[in-house]
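# Examining the three-dimensional arrangement
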Amino acid sequence: MKKLFLLPFLLFTFNLLFSQPQQVKLVNFTVKNRLPALIDNWNNTPGSLLLVAQKQPTGRTESIRLVLQIKANGNIICGNNLATAPPVDDFTTRTFATAELTSLLSGCRELKDGNYTICAQFFNIEKRPISNELCKEFVVETPKDADYAPPTLIVPENGKVFPEKDLLKPVMFRWTTLVPKPREAVTYRLKVWQLMQGQNGTQAMKANQPIITKDVANITQAVVTNIITGPCKPPYLCDFTWSIQALDKQEKPVGRNNGLSELFSFSIKGKNDNDTIPFTQKMMGGANAEFKIDSATCLKKENGLFKYHIWAHYENKNTSLDNIFLNDNLAFAGYPANPNPGTGLNLRNNIRIKTGSYNGALTMNDILEASSGTISNITPLPASIFTPALLAPNSIHNFQFDYSTPTNTPVQFTYYGLVDDALRDKPNRNTRNEIDSLKYPPCPCSACDEITITAPLTGPIQNNGSGSLSFTATVTASPKKVKRIKADLVYFDMKPTDENCLVCNKESNTFGNFNTATTSNPNFSGGITAGHSAQFDAVGNINISSGVPINYTVSIPPLVSCCNATVNFCIRYIITFEDCTVCNVLVCYPYSITGCPKP
């Protein structure tokens, strides 16, 4: 009889000691059946996760922890555990939204396509379960891009031959939409290329810059004017090719073949059934042209020279009857020969040099001549592998270039008028000039451009626990020698993790001041001159390229025990050099106060 009584008693005692009632009830756990692969995107997906939990009124729980894990095939993929789960504030009924739940999924960033289970369960401070485990299944499936067929070209039809007069008018281009038609907005980009000798359409598309680029949104047609931009004379042909590319709102291609249609071609039939358009080969005339500086920007001084970026243009005025043909390989009586002529393929904006000599190897001095300094880095606009071969009446060619000069006085640029200008019958036609002067914009002082100043920390910042931070910064400056180092503490900010961490304190000397400032370098003497300033004067002129250590203590406001805070402060180092040049640099030093200060 004793044995029969003992066994039930032991079972009752075991259950009493080791079993726990469900002190928290998982009322509802909602998980969307399909979720994005990126966990961060769950916050932007309506109805991703929602957990509702209810604590039993008679249950006593301390330091409740919620464990949330993602599993696949019975194995834990990611999530937290009893060691990493943060405590949950006491509650009666609480709803855990998506953002709070995803923050518990440590180690989870992106899931592969597949089937998953996400499980939630509460535990107490003894790491024993106090709720049932509730699991939900979901699927991750990356959406596949729609298989769009690219646009189909319609007009001009492939191989169409335009009479010259028709191509001088506005030309309509038409094409079809992507198939199927996307729901999102689509930009259709039209490009037209002019072929050159020896090229087919594909080669022209890859090697040449388009002569036309035009974007239209959600429509399948565009009107283009002024397609003829150059003579149909070698190396240019009277043949053109065009295509359409479909792009999304981020300008990424949409559909097969990078959203590109096939290539269509068209050509021009000139007058009298000739295959070329007869352009009068005239050079720009000074009386009918204008050279003008539009604007200038001051750049950083280089190698002791002032440098400016300049925008300019030249225009064939509407009083001209001829197109201006720009070819640097043509000879003109009465003008100095081009000392560096190009071949037929090397068409440049050549308005001829004023004198018969070039400035070194600079190719731009055959376009403009400066009264002083150097012209370089010219860039025609719009960019193309060939600069425009001609300028029609009342048309403009824009370009830009850099100009470097040792002085900051205004400079005069000269544009040289050529044959067929209004003075062509005058004996002094070779001296015909168009002049434009450049007014320099204000340039900042560049005395400190070649100066380098640094002040990194040497070792970590130390919190001495009694209201100040200690640290050492090594100040370097080069290439000049130094007369004085000044340090101004110009910014101080301290943010506790909790607003109740700062004690009531109105002593301003604790809010970011220098307590001490010293240096071990024997060539400098000095220290604090004011609460926020320190100064060290050199014995003579000293090279500090190897560094001068400065030891600081900076006051900080007191904190309540066991409070953390983030401190940011900035020191401006002002260096006076041997030639009395004064340069400065601002250096900021962040620091985090963590843990409890030692008593």
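Our subject is the structure listed above.
These notes cover the structure that comes with them. (Residues numbered from 1 in each chain as written. Predicted model: local features only at pLDDT ≥ 70, side-chain atom pairs only at ≥ 80, totals over all residues. Heavy atoms only, no water.)

### Comments concerning the state of the cysteines
Definition in use: The term disulfide is used for any two cysteine sulfur atoms that are within 2.5 Å. Secondary structure elements are taken from DSSP: a helix is a run of H or I of four residues or more, a strand is a run of E of two residues or more, and numbering for both begins at the N terminus. A 1.4 Å probe rolled over the protein chains alone gives each residue an accessible area, and that area as a share of the maximum for its type sets the label: buried under 20%, exposed over 50%, partly exposed in between.
For the structure shown, the criterion picks out four disulfides. Each sulfur of the disulfide joining Cys-448 and Cys-583 lies 2.0 Å from the other. Looking down the S-S bond of the Cys-448 and Cys-583 bridge, the torsion is -95°, so its handedness is left-handed. Here Cys-448 is found in the loop between strand E26 (433-438) and strand E27 (452-454), whereas its partner Cys-583 is found in strand E36 (residues 582-593), with 135 residues between them in sequence. On the basis of relative accessible area, Cys-448 is assigned to the partly exposed category, the value being 30%. Under the relative-accessibility criterion, Cys-583 is labelled buried at 3%. One disulfide bridge connects Cys-570 with Cys-588, the sulfur atoms lying 2.0 Å from each other. Across the disulfide from Cys-570 to Cys-588, rotation about the S-S bond amounts to roughly 100°, and the bridge is consequently right-handed. Taken together, the residues Cys-570 in strand E35 (residues 565-577) and Cys-588 in strand E36 connect sequence positions 18 residues apart. The exposure class of Cys-570 is buried, given its relative accessible area of 8%.

### Overview of the pattern of salt bridges
Here is the rule we go by: Salt bridge, as applied in this entry: a Lys or Arg side-chain nitrogen positioned within 4 Å of an Asp or Glu carboxyl oxygen.
Per the counting criterion, the structure on display carries eleven salt bridges. Of the charged contacts, one joins Glu-141 and Arg-34 as a salt bridge, the two residues approaching to 2.8 Å between their closest N and O atoms. Of the two residues, Glu-141 is situated in the loop between strand E9 (134-140) and strand E10 (153-155) and Arg-34 in strand E2 (residues 34-35); the sequence distance between them amounts to 107 residues. Taking the shortest distance from any N to any O, the salt bridge between Asp-579 and Lys-480 comes out at 2.7 Å. Here Asp-579, found in the loop between E35 and E36, pairs with Lys-480, found in the loop between strand E29 (468-478) and strand E30 (482-496); they are 99 residues apart in sequence, far enough to count as distant. Residues joined in a network through salt bridges with shared partners are Arg-189, Asp-215 and Glu-251.

### As for the sheet that holds strand E32 (residues 524-530)
Under the convention used in this document: Strand pairing requires that DSSP identify at least two bridges connecting the strands. Note on geometry: axes are lines fitted to C-alpha atoms, helical ones only across the stretch in contact, with angles between N-to-C directions running from 0 to 180 degrees.
Read across the sheet, five strands follow the order E32-E33-E30-E35-E36 without closing on themselves; strand pairing throughout is antiparallel. Of all the strands in the sheet, just E32 and E36 have a single pairing partner and so form its edges. Taking each pair of neighbouring strands and ignoring which way they run, the sheet shows an average axis angle of 20°. Sheet analysis places E32 next to strand E33 (residues 533-542), joined by six bridges and oriented antiparallel. Following the sheet pairing, Gly-526 is matched in E33 by Phe-536.

### Some thoughts on the sheet that holds strand E12 (residues 171-175)
An order of E10-E12-E15 is seen for the three strands of this open sheet, with the pairing classed as antiparallel. For this open sheet the edge positions go to E10 and strand E15 (221-224), each flanked by a neighbour on one side alone. Recorded for the sheet is a direction-independent mean angle of 25° between the axes of neighbouring strands. For E12 and E15, the ladder comprises four bridges, and the chain directions are antiparallel. For Arg-174, the partnering residue across the bridge sits in E15 and is Gln-221.

### Structural notes on the packing of aromatic side chains
Aromatic ring pairs are defined here through the distance separating the ring centres and the angle between the ring planes. Selection criterion: Two rings from Phe, Tyr or Trp (for Trp, the six-membered ring) form a pair when their centres are within 6.5 Å of each other. A pair whose planes differ by under 30 degrees is stacked, one over 60 is edge-to-face, and the rest are tilted.
Counted according to the given criterion, the structure contains 16 aromatic pairs. Here the aromatic rings of Phe-91 and Phe-122 are separated by 6.1 Å at their centres, their planes lie at 50°, and the arrangement is tilted. One end of the pair, Phe-91, is in the loop between strand E6 (87-88) and strand E7 (93-96); the other, Phe-122, is in strand E8 (residues 114-123), with 31 residues separating them in the sequence. The burial state of Phe-91 is the same as that of Phe-122; both residues are buried. The interplanar angle of 55° and the centroid separation of 6.1 Å between the aromatic rings of Trp-175 and Tyr-188 together place this pair among those described as tilted. Of this pair, Trp-175 sits in strand E12 while Tyr-188 sits in strand E13 (residues 187-196), and the two are 13 residues apart along the sequence. Ring pairs connect the aromatic residues Phe-162, Phe-173, Phe-240, Trp-242, Phe-264 and Phe-266, which therefore count as one cluster.

### Details of the side chain of Asn-208
The line we're drawing: Whenever two N or O atoms come within 3.5 Å, that pair is a polar contact, provided that in protein one can donate a hydrogen and the other can accept it, and provided that, for residues adjacent in sequence, both atoms are side-chain atoms.
With respect to the helices, strands and loops of the structure, Asn-208 is situated in the loop between helix H4 (201-207) and strand E14 (212-217). Among the polar contacts listed, one links the side chain of Asn-208 to the backbone oxygen of Gln-194, at a separation of 3.0 Å.

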